[in-house]
Amino acid sequence: MGVRAVIMGPPGAGKGTQAKLLQERRGVPHISTGDILRDARRAGTVLGCEAERYMAKGLLVPDDVVIGIVADRLGGQNHNQGFLLDGFPRTVPQAEALDRILDEGGEQLDAVVSISVPEDELVRRLAGRRVCRQCSTMFHLEVDPAARLARCDRCGGDLYQREDDREETVRARFDVYARDTAPVLRYYGDAGLLHEISGVGDREAIFQHVTASLP
Ligand code: AP5
Ligand code: MG
């Protein structure tokens, strides 16, 4: 039976990096609402066009839109392989909706892992991040550069800089995290599900802490 978990942390904390490792090594499906919204934007769907208005400014896409996406992805089925949600929930109403979605299938969360990283390190990570357009693998210009300039080591896709990684948008994303998402940490702390770990240092060492937090 797979683990049902959430990974949290501010922009650049390494949520996607760790979730991809967990998917590769333990087969736990990685569900990133940010990746789903970026895919929709690229495909030019109605959802993608609506989401773009918020994402470009570093603001949250409205709760009903994002809750609908997660309900479609998780609702009405058993999750025998489990899942790791990355970037959801980001508000207390989203956390309450997730409880309801899982409850309808007789399931509940096993754990919530929160990764902390000092803000100056987050800024450095986001400024240097490059992402594969095809498989969304993350690289960093200094810490983890791709072997060939602007080409993904894994699939050969184009690497690009996310539009919301510009400095002024990054500031807005930090403010939104502190205002809207920090209360979600308290919500899961009160539920006895929260495991807080440091996200500074070698990503393999951090992965050990992530897996140690999961049942
Ligand atoms: P989303 O895509 O979720 O972005 P985010 O939460 O801001 O987080 P990031 O993806 O920027 O960072 P990460 O923690 O995944 O770090 P990564 O592993 O890439 O959301 C984007 C937008 O979509 C939101 O602003 C909002 O508009 C919308 N949205 C999404 N979900 C929503 C929701 N639920 N409700 C409403 N709106 C929603 O790592 C960062 C960099 O650091 C990489 O370059 C990586 O290589 C490097 N790195 C990773 N680990 C290490 C390490 N240990 N040491 C050094 N470098 C490292
Ligand atoms: Mg991410």
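Refer to the preceding data block for the structure.
Attention in this report is confined to the structure presented alongside it.

Quick notes on the rules
Positions within a chain are numbered from 1, following the residues in the order the chain's sequence is written. Chains and ligands are labelled by the order in which they are written, letters from A for the one and numbers from 1 for the other. Local features in this predicted model are restricted to residues of pLDDT 70 or higher, and side-chain atom pairs are both shown and tallied only at a pLDDT of 80 or more, whereas totals for entire chains, interfaces and linings draw on every residue. The basis for every side-chain value is the complete set of non-hydrogen atoms in the structure, without hydrogens or water. Helix numbers and strand numbers start at the N terminus; a helix is a DSSP run of H or I with at least 4 residues, a strand a run of E with at least 2. We call a residue buried when its accessible area falls under 20% of the maximum for its residue type, exposed when it is over 50%, and partly exposed in between, using a 1.4 Å probe and counting protein chains only. Residue contacts are counted whenever heavy atoms from the two residues lie within 4.5 Å of one another. Whether a residue is near a molecule or strand depends on its heavy atoms: if one lies within 4 Å, it is near. In protein, a polar contact requires one atom able to donate a hydrogen and another able to accept it; more generally it is a pair of N or O atoms within 3.5 Å, and residues adjacent in sequence count only if both atoms are side-chain atoms. In these tables, accessible area is a Shrake-Rupley quantity obtained with a 1.4 Å probe, and a residue counts as shielded only by the protein chains included in the view. Classes in brief: Ala, Val, Leu, Ile, Met, Phe, Trp, Tyr, Cys and Pro nonpolar; Asp, Glu, Lys and Arg charged; the others, Gly included, polar. For helices, the fitted line uses only the C-alpha atoms of the stretch in contact; every axis is such a line through C-alpha atoms, and the angle between N-to-C directions lies from 0 to 180 degrees. When an angle is under 35 degrees it counts as roughly parallel; over 145 it counts as roughly antiparallel; between 65 and 115 it counts as roughly perpendicular; any other value is oblique. The hand of a helix crossing depends on one turn: near helix anticlockwise from the far one by less than a right angle means left-handed, and clockwise means right-handed. Multiplying 1.5 Å by the helix residue count minus one yields the expected span of that helix. Two axes are fitted around each residue, one to the seven residues ending there and one to the seven starting there, and the angle between them is reported as the bend at that residue.

### Let's talk about the side chain of Arg 173
Part 1 of the reasoning: By the secondary structure assignment, Arg 173 is in helix H7 (residues 167-190).
Part 2 of the reasoning: The buried category is assigned to Arg 173, whose relative accessible area is 10%.

### Regarding the side chain of Thr 169
Part 1 of the reasoning: Relative to the assigned elements, Thr 169 resides in helix H7.
Part 2 of the reasoning: Setting aside residues up to four positions removed in sequence, Thr 169 forms contacts with Met 55, Ala 56, Lys 57, Gly 58, Glu 163 and Asp 164.

### Here we look at the environment of Met 8
Part 1 of the reasoning: Inspection of the secondary structure assignment puts Met 8 in strand E1 (residues 4-8).
Part 2 of the reasoning: Through-space distance from the C-alpha of Met 8 to that of Pro 89 is 8.4 Å; in sequence the pair is 81 residues apart.
Part 3 of the reasoning: Leaving out residues up to four positions away in the same chain, Met 8 has contacts with Lys 15, Pro 89, Val 112, Val 113, Ser 114, Ile 115, Tyr 177, Thr 181, Val 184, Leu 185 and Tyr 188.

### Looking at the site of ligand 1
Part 1 of the reasoning: Around ligand 1, a shell composed of 35 residues is seen, among which Thr 17, Leu 59, Arg 90, Arg 129 and Arg 173 lie nearest.
Part 2 of the reasoning: Contact between ligand 1 and Gly 16: an oxygen atom at 3.0 Å from a main-chain N or O atom of the residue.
Part 3 of the reasoning: Burial of ligand 1 by the protein chains amounts to 97% of its free accessible area of 1100 Å².
Part 4 of the reasoning: Residue contributions to the shell around ligand 1 peak at four residues, all from helix H2 (residues 33-43).
Part 5 of the reasoning: Along the lines of polarity and charge, the residues of the shell around ligand 1 split into 15 nonpolar, eleven polar and nine charged.

### Notes on the packing of helix H6 (residues 119-128) against H7
Part 1 of the reasoning: Contact geometry for H6 and H7: axes closest at 11 Å, N-to-C directions at 135°. Between H6 and H7, the angle falls in the class oblique. Of the two elements, H6 crosses H7, and the hand of that crossing is right-handed. Counted together, Glu 119, Leu 122, Val 123 and Leu 126 of H6 and Val 170, Arg 171, Arg 173 and Phe 174 of H7 form the full contact between these two elements.

### Here's the deal with H6
The periodicity of an α-helix, 3.6 residues per turn, causes residues three or four places apart in sequence to face the same way.
Part 1 of the reasoning: Here H6 has its buried residues at Glu 121, Leu 122, Arg 125, Leu 126 and Gly 128.
Part 2 of the reasoning: Residues of H6 that are buried sit in contact with strand E5 (129-132), strand E6 (138-140) and H7.

### Notes on the packing of helix H4 (residues 63-74) against helix H5 (residues 92-104)
Part 1 of the reasoning: Contact pair H4 / H5: the axes reach a minimum separation of 10 Å and the direction vectors enclose 25°. Judged on the interaxial angle alone, H5 and H4 are roughly parallel. Remark: the crossing between H4 and H5 carries right-handed chirality. Contact with H4, carried on its side by Asp 63, Val 66, Ile 67, Val 70, Ala 71 and Leu 74, involves Pro 93, Gln 94, Ala 97, Leu 98, Ile 101 and Leu 102 of H5 and no other residues of that element.

### Here's the deal with H7
Part 1 of the reasoning: Between its first and last C-alpha atoms H7 spans 34 Å; for 24 residues at 1.5 Å apiece the expected length is 34 Å, and the two agree.
Part 2 of the reasoning: Of all the bends found along H7, the most pronounced is centred on Thr 181 and spans about 40°, while Pro 183, a proline, follows it within four residues.
Part 3 of the reasoning: Along H7, the positions that sit buried rather than exposed are Thr 169, Val 170, Arg 173, Phe 174, Val 176, Tyr 177, Thr 181, Ala 182, Pro 183, Val 184, Leu 185 and Tyr 188.
Part 4 of the reasoning: Looking one or two residues beyond H7, the residue adopting positive phi is Gly 192, at roughly 75°.

Structural measurements only, silent on function.
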